[in-house]
Amino acid sequence: MRVLKSFFKQKETMLGIAAAIAFQLIFVIVWLTGYNGVYDRTDQFTIGIVNEDTVIGKEITNELENSGLFQVAKFEKLSEAKQELDERNVNMLIHLPNQMLGQLKENMNITIDYYINQSAPTLTKQMMEKAANRVNDELNQKITETINAQLAKNIPEMVAEKSQNPEMGAMAKNIASQVVALVQENTQITPVKANVVKTNDKEGFAITMVPLLIVLASYISAMLISQYLQLANGHLISEYARSSLFIGRQIINILLAIGISLLTVCLMYMFDIELDYNFFTLWGIQAILLFSFLAISQVFVMLFGNPGMVFNIALTATQIVSSGAIVPRELLPSFYNRLGDLLPATYGVNSYFSLIYGGGNLSSDIKHLIVIIVILLVIAIIIQFAYHFLNKLKSTKTSALNN
């Protein structure tokens, strides 16, 4: 019992228990609030349309716009629309070919292309494939209803006209109507064929988990490094100036970002993760991402000391939710969507989608990460100056009291 009492008297024991409880509470609260009502926000997805048909194509476009199921973006050129799809500005692209009505009249099948970028969260790809099939089924149903209505009207009248006897004509018309109805019930007309084109496609399930895996592992690593460097900082504060310790800490962060990132990249190559970029590009981006995580995680432990770990745990859950690694950012509540714009994990996930699948805007993601790093370092410097000023003020007051 004395041993147990001694353990519970230690600040670190209570801190560990508090961190474990906080971990449970934070993850449950953040994930459940972040992912609540995901399927109610599918209207935030954007579907691009390139319409070359002035009759049926125009009707399809108008119906999609009025349905409210998705945001609709119209494009004049297919090449421009494909570029927007590649950069993940639209979630799916529908290409409606020219002269669809003429092809129907000539009993030809119509092929509509549905382009889906695979460089996106798994849920986005699945929902877009379902949307493509749904749009195509509804289009087939509408055209089938039109064809059936014309057949039901024209064929019985044609049969009746061929009969010279009015009574026999009426009977023949009735029989023809029944035959047409029977044929329609047992015949499935699908004149519109869906051609789903998967751009930036890669095979394998494991590869889809890489963005989440790398971001989560990198931030937890950064969180632990920052925590232990803060403990080391506390032991050395009496021997060195705060400015010297801060500079030394940033040098260690840079060296660890480069070294640990090299390990991460080597592991990806070891497990045959196919990439669209070379080794050094991947290494550089991963180093920038890890350093951004080190920069943000150190701010909280510098401000709050050991209790800063609780804030870092909260940030872990928040970044995973808001980054779009699991659920597309379009489906998140607006709070998490906007918060994701300010956090490095979002740009880390985007970068890995681009590195693995292609597409995206890698240079823009890197610029955002660098801006975030600069801002966080400025905040850390301000914290150092604030501590220096407070300590100087405290020393002055102490000297005044002694005198």
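In the block above lies the structure referred to throughout.
Reference entry: report on the structure contained in this document. In this text, all values refer to a predicted model and were calculated from it rather than measured experimentally. (Residues numbered from 1 in each chain as written. Predicted model: local features only at pLDDT ≥ 70, side-chain atom pairs only at ≥ 80, totals over all residues. Heavy atoms only, no water.)

1. Remarks on the pattern of salt bridges
Here is the rule we go by: The salt bridge criterion pairs a side-chain nitrogen of Lys or Arg with a carboxyl oxygen of Asp or Glu, the two atoms within 4 Å. Helix and strand assignments follow DSSP, with helices taken as H or I runs no shorter than four residues and strands as E runs no shorter than two, numbered in order from the N terminus. Each residue's exposure class comes from its accessible area (1.4 Å probe, protein chains only) as a fraction of the maximum for that residue type: buried when under 20%, exposed when over 50%, partly exposed otherwise.
As enumerated under the stated definition, the model contains 4 salt bridges in all. Measuring nitrogen to oxygen at the nearest pair gives 2.9 Å for the salt bridge that ties R329 to D341. Taken together, the positions of R329 in the loop between α11 (308-322) and α12 (334-340) and D341 in the loop between α12 and α13 (344-357) put the pair 12 residues apart, joining distant regions of the chain. Note on R329: relative accessible area 16%, which makes it buried. You can call D341 partly exposed: its relative accessible area is 38%.

2. Some thoughts on the sheet that holds strand β2 (residues 71-75)
Stated formally: Two strands qualify as a pair provided DSSP detects at least 2 bridges between them. An axis is simply a line fitted to the C-alpha atoms; with a helix, the fit covers only the stretch in contact. Between two such axes, the angle follows the N-to-C directions and lies from 0 to 180 degrees. Residue contacts follow a heavy-atom distance rule, with two residues in contact if any of their heavy atoms lie within 4.5 Å.
With respect to topology, 5 strands assemble into an open sheet ordered β2-β1-β3-β4-β5, the strand pairing being mixed. Strand pairing shows two members of the sheet lacking a second neighbour, β2 and β5 (192-199), which therefore form its edges. Neighbour-to-neighbour, the strand axes of this sheet turn through a mean angle of 25 degrees, independent of strand direction. Examined bridge by bridge, strand β1 (residues 46-51) and β2 share 5 bridges and lie parallel to one another. Paired with G48 across the strands is A73, a residue of β2. Each of β1, β2 and β3 (92-96) touches helix α3 (residues 56-67); the most contacted strand, β1, lies at about 165 degrees to it.

3. Quick look at the layout of surface pockets
Applicable threshold: Both cavities and pockets are sets of points on a 1 Å grid over the protein atoms alone; in a cavity a 1.4 Å probe fits but cannot get out, in a pocket the set is open with protein on both sides within 12 Å along at least five of seven lines, and lining residues sit with an atom within 4 Å of a point. Grid points are joined across faces, edges and corners, and a volume is the space filled by probe spheres set on the points. Side-chain classes are defined by residue name, with Ala, Val, Leu, Ile, Met, Phe, Trp, Tyr, Cys and Pro counting as nonpolar, Asp, Glu, Lys and Arg as charged, and the others, Gly among them, as polar.
Reported here for the largest pocket is a volume of approximately 500 Å³. As for the largest pocket, its lining consists of 26 residues, and the residues nearest its centre are E87, R88, R329, E330 and N350. Among the secondary structure elements, those contributing two or more residues to the lining of the largest pocket are α13 and α14 (362-402). Counted by class, the lining of the largest pocket contains 8 nonpolar, 12 polar and 6 charged residues.

4. Side note on empty space enclosed by the protein
To locate leftover empty space, one rolls a probe as large as a water molecule over the atoms. Taken as a whole, this structure holds 1 cavity of 30 Å³ or more when the rule is applied. Taken as a whole, the largest cavity holds about 40 Å³ of empty space. In this structure, the largest cavity is lined by V215, L216, Y219, F293, T316, Q319, I320 and A345. Secondary-structure elements contributing two or more residues to the lining of the largest cavity are α8 (210-236) and α11. The class makeup of the residues in the lining of the largest cavity is 6 nonpolar, 2 polar and no charged.

5. Some remarks on the packing of helix α10 (residues 279-304) against α11
Convention followed: Two helices cross in a left-handed way if the nearer one is turned anticlockwise from the farther one by less than a right angle. They cross in a right-handed way if the turn is clockwise.
In contact at an axis separation of 8 Å, α10 and α11 are set at 145 degrees when each is read in the N-to-C sense. Crossing of α10 against α11: the hand is right-handed. Counted together, F293, I296, S297, F300, V301 and F304 of α10 and G308, M309, F311, N312, L315 and Q319 of α11 form the full contact between these two elements. Here the contact of α10 with α11 is composed, by residue class, of 8 nonpolar, 4 polar and no charged.

6. Thoughts on unusual backbone geometry
Backbone phi values are negative for most residues with the exception of glycine, while trans is the configuration of most peptide bonds. With phi around 65 degrees, R88 is a residue other than glycine that occupies positive phi space. Here R88 shows up in the loop between α4 (78-86) and β3. You will see that N200, though not glycine, has its phi angle at about 55 degrees, which is positive. For N200, the position within the fold is in the loop between β5 and α8.

7. Some words on the packing of α8 against α11
Put simply, the rule is: When describing relative orientation, an angle under 35 degrees is termed roughly parallel and one over 145 degrees roughly antiparallel, while 65 to 115 degrees is termed roughly perpendicular and anything else oblique.
Running from N to C, α8 and α11 point in directions that differ by 170 degrees, and their axes come no closer than 11 Å. On the basis of the axis angle, α8 is roughly antiparallel to α11. In this structure, α8 uses L212, V215, L216, Y219, I220, M223 and Q227 to contact α11, whose residues at the interface are M309, N312, I313, L315, T316, Q319 and I320. Of the residues in the contact of α8 with α11, the class split is 10 nonpolar, 4 polar and no charged.

8. Let's talk about the packing of aromatic side chains
Short version of the rule: Each Phe, Tyr or Trp ring, with Trp reduced to its six-membered ring, pairs with another whose centre is within 6.5 Å; inter-plane angles below 30 degrees give stacked pairs, above 60 give edge-to-face pairs, and intermediate values give tilted ones.
Under the criterion given, the structure shown has 9 aromatic pairs. When the centroid spacing of 6.1 Å and the interplanar angle of 65 degrees are considered together, the rings of F279 and W283 count as edge-to-face. Here W283 and F279 lie together in helix α10, a separation of 4 residues that amounts to about one turn. What makes F279 partly exposed here is its relative accessible area of 23%. When the centroid spacing of 6.3 Å and the interplanar angle of 35 degrees are considered together, the rings of F280 and W283 count as tilted. One end of the pair is F280 and the other is W283, both in helix α10 and 3 residues apart, which spans about a single turn. Classification of W283 as partly exposed rests on a relative accessible area of 21%. An aromatic cluster is defined as three or more aromatic residues linked by ring pairs; in this entry it consists of Y269, F279, F280 and W283.

9. Topic: a nonpolar patch on the surface
Where we set the bar: Residues form patches when they are more than 30% accessible in relative terms and have no salt bridge. Like charges link within 9 Å. Nonpolar side chains (Val, Leu, Ile, Met, Phe, Trp, Tyr) link within 5 Å. Reported accessibility uses the Shrake-Rupley method at a 1.4 Å probe radius. Residues are deemed covered only where the shown protein chains occlude them.
Among the surface-exposed residues, M14, I17, I21, L25 and I29 lie close enough to one another that they form a single nonpolar patch of about 460 Å² accessible area. Residue classification places I29 among the exposed positions, given a relative accessible area of 52%.

10. What about the environment of I260?
Note on placement: I260 falls in helix α9 (residues 242-270). Between the alpha carbons of I260 and L290 there is a distance of 8.4 Å; along the sequence they are 30 residues apart. In this structure I260 touches I225 and L290, once residues within four positions along its chain are discounted.

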